[in-house]
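# Architecture and fold: a report
For reference, the chains in residue letters:
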Amino acid sequence: MPSAEFQLVLESLRNEVNDSLEKCEYLQDTSSRLFQAMRYSLLAPGKRFRPILVQLSCEACAGNRMLSLPAAAAVEMVHAYSLIHDDLPAMDNDDLRRGRPTCHKQFDEATALLAGNGLLTLAFKMLGEHITPEDVSQQCVIELADAAGVFGMVGGQMDDILQEGKTEGTLEQLQSIHARKTGALISASCRIGAIIGRTISYHSDPVAQLTKYAEQLGLAFQISDDLLDVQSDAATLGKNTQKDAAKGKLTYPGLLGIEGARKELQLAHERGMEALKPMGASAQRLGELLTYVVERDR
Ligand code: IPE
Ligand code: IPE
Ligand code: MG
Ligand code: MG
Ligand code: MG
């Protein structure tokens with residue numbers, strides 16, 4: 001369990017993110033079906049783990065986290081889009097997400113596709129219009145495009161689907177899929193926060209160090225997602241469980257067994273903590289976030 005103090009930190013950062021998403025100037029047209037669908041998925045009760053990572057990484061680099069808030073919102077928009085599309089019948093075909101019917105169940109498939117496209121593109125408008133100065137905004141755009149696109153999440157999602165039902169998957173293939181489908185956006189969240197924070201403080205470059213941390217954090221996040229699919233239940237998670245085995249997905253518990261997957265999770269925790277050491281006290285909350293991910297139950 002995270003300390004009571006860190007739980008309060010998480011809650012207050014989550015509130016900040018929720019408030020900025022709720023008030024986002026691009027999403028106020030509630031009369032339109034498209035916007036209703038976008039708001040339905042974006043504002044649903046997610047953990048806001050990626051935007052919190054942007055905020056904490058910005059602070060770890062001595063930045064003012066309020067300046068990173070538009071980027072935090074942008075990352076959550078990309079994440080929400082990815083969940084809408086991941087749940088579509090053509091992909092994982094899920095009907096429950098964040099404790100509610102999935103977007104295509106609540107609306108329809110065409111609306112869900114377009115709501116996802118809408119959120120993805122708005123994320124880049126957000127970075128372009130609300131992150132300053134221009135060179136920092138440009139770096140954030142490139143980070144997010146790489147992480148979300150064919151070199152990151154889209155590429156990983158493709159291989160995740162292609163691997164379905166095959167029995168001969170290797171650990172290398174699994175690592176490569178996880179690093180892109182989940183890890184890339186988590187790394188980008190960390191790097192974007194650091195890029196924004198660093199410009200404020202002008203101190204030495206921590207982006208490379210935080211990237212090493214983020215690789216382990218992303219790995220830990222998807223191993224625990226795979227474990228929760230096997231070991232948790234829909235009431236706790238807000239999404240259906242036992243789906244990966246039913247679809248023949250290549251996962252950590254599938255390949256290494258529950259105990260093997262747990263061991264990998266612990267190793268990722270140790271390596272991630274090690275990567276934070278050179279950053280000292282400024283990275284303490286990022287360490288707590290990693291521990292929270294390793295121990296999470298939803
Ligand atoms: C679920 O992400 C999808 C994965 C990449 C594993 P989260 O577990 O962060 O989902 P929410 O945002 O809390 O709903
Ligand atoms: C999803 O991975 C990764 C995304 C890019 C959305 P999963 O398919 O394992 O995520 P859940 O378990 O449905 O949330
Ligand atoms: Mg999937
Ligand atoms: Mg899925
Ligand atoms: Mg999963």
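One structure accompanies this document, and this report is about it. (Residues numbered from 1 in each chain as written. Chains lettered and ligands numbered in written order. Predicted model: local features only at pLDDT ≥ 70, side-chain atom pairs only at ≥ 80, totals over all residues. Heavy atoms only, no water.)

## With respect to the coordination of the magnesium ion (ligand 3)
What counts is decided by this rule: With water omitted from the atoms examined, metal sites may look incomplete; donors here are N, O and S atoms no farther than 2.8 Å from the metal, or 3.2 Å in the case of Na, K and Ca. We call a residue buried when its accessible area falls under 20% of the maximum for its residue type, exposed when it is over 50%, and partly exposed in between, using a 1.4 Å probe and counting protein chains only.
Looking at the magnesium ion (ligand 3), the protein donor atoms are Asp86 (OD) and Asp92 (OD), and they sit 2.2 Å from it. A spacing of 3.1 Å is found between the magnesium ion (ligand 3) and the magnesium ion (ligand 4), which share Asp86 as a donor. In this structure, Asp86 and Asp92 share a single accessibility class: buried.

## Quick look at empty space enclosed by the protein
The line we're drawing: Buriedness for pockets is judged along seven lines, at least five of which must meet protein on both sides within 12 Å for an open set on the 1 Å grid over protein atoms alone, while cavities are sets there where a 1.4 Å probe fits but cannot get out, and lining residues have an atom within 4 Å of a point. Grid points are joined across faces, edges and corners, and a volume is the space filled by probe spheres set on the points. Secondary structure elements are taken from DSSP: a helix is a run of H or I of four residues or more, a strand is a run of E of two residues or more, and numbering for both begins at the N terminus.
Applying the stated rule across the entire model yields two cavities of 30 Å³ or more. Roughly 790 Å³ of internal volume is contained in the largest cavity. Taken together, 41 residues make up the lining of the largest cavity; nearest its centre are Leu83, Asp86, Arg97, Asp225 and Lys239. Breaking the lining of the largest cavity down by element, the ones donating at least two residues are helix H3 (49–60), helix H4 (69–86), strand E1 (96–97), helix H8 (153–163), helix H9 (171–201), helix H10 (207–231) and helix H12 (243–247).

## A closer look at the site of ligand 2
Threshold: It suffices for a single heavy atom of a residue to lie within 4 Å of a molecule or strand for the residue to be listed as near it. The term polar contact refers here to a pair of N or O atoms within 3.5 Å; inside protein, the definition further demands a hydrogen-donor-capable atom paired with an acceptor-capable atom, and it admits residues adjacent in sequence only when both atoms are side-chain atoms. A pocket or cavity is taken to hold a molecule when more than half of that molecule's atoms are within 2 Å of the pocket's grid points. Polar here means any residue other than Ala, Val, Leu, Ile, Met, Phe, Trp, Tyr, Cys and Pro, which are nonpolar, and Asp, Glu, Lys and Arg, which are charged; Gly is therefore polar.
For ligand 2, the full set of nearby residues is Ser82, Leu83, Asp86, Asp92, Arg97, Met153, Gln157, Lys181, Gln222, Asp225 and Lys239. Within the side chain of Asp86, an N or O atom sits 3.0 Å from an oxygen atom of ligand 2. One nitrogen or oxygen atom from the side chain of Lys239 is found 2.6 Å from an oxygen atom belonging to ligand 2. The cavity that encloses ligand 2 is the largest cavity. Tallying contributions element by element places H4 first for the shell around ligand 2, with three residues. Its residues placed into classes, the shell around ligand 2 shows two nonpolar, three polar and six charged.

## Re the packing of helix H1 (residues 4–22) against H4
The angle between the axes and the distance between the axes are what describe a pair of packed helices. Convention followed: Between N-to-C directions, angles cover 0 to 180 degrees, with each direction set by a line fitted to C-alpha atoms, over the stretch in contact for helices. Here the word oblique covers every angle except those under 35 degrees (roughly parallel), over 145 (roughly antiparallel) and from 65 to 115 (roughly perpendicular). Contacts are residue-level and defined by heavy atoms, with any inter-residue pair within 4.5 Å sufficient.
Two numbers describe how H1 lies on H4: the axes approach to 10 Å, and their chain directions differ by 80 degrees. With respect to each other, H1 and H4 are oriented roughly perpendicular. Listed contacts from H4 to Glu16, Val17, Ser20 and Leu21 of H1 are Leu69, Ala73 and Glu76. Of the residues contributing to the contact of H1 with H4, the split by class is four nonpolar, one polar and two charged.

## Concerning the coordination of the magnesium ion (ligand 4)
Protein coordination at the magnesium ion (ligand 4): the donors are Asp86 (OD) and Asp92 (OD), at 2.1 Å from the metal. Judged by its relative accessible area of 13%, Asp86 falls in the buried class.

## Remarks on unusual backbone geometry
Here the bond from Thr132 into Pro133 is cis, since omega is -10 degrees, no more than 30 degrees from zero. The topology assignment puts Pro133 in the loop between helix H6 (109–130) and helix H7 (134–148). You will see that Arg48, though not glycine, has its phi angle at about 60 degrees, which is positive. Summarising the element assignment, Arg48 is placed in the loop between helix H2 (33–42) and H3. Phi at Gln242 is positive, roughly 60 degrees, even though this residue is not glycine. Mapped onto the elements of the fold, Gln242 is located in the loop between helix H11 (234–237) and H12.

No statement about biological role is implied by the geometric values presented.
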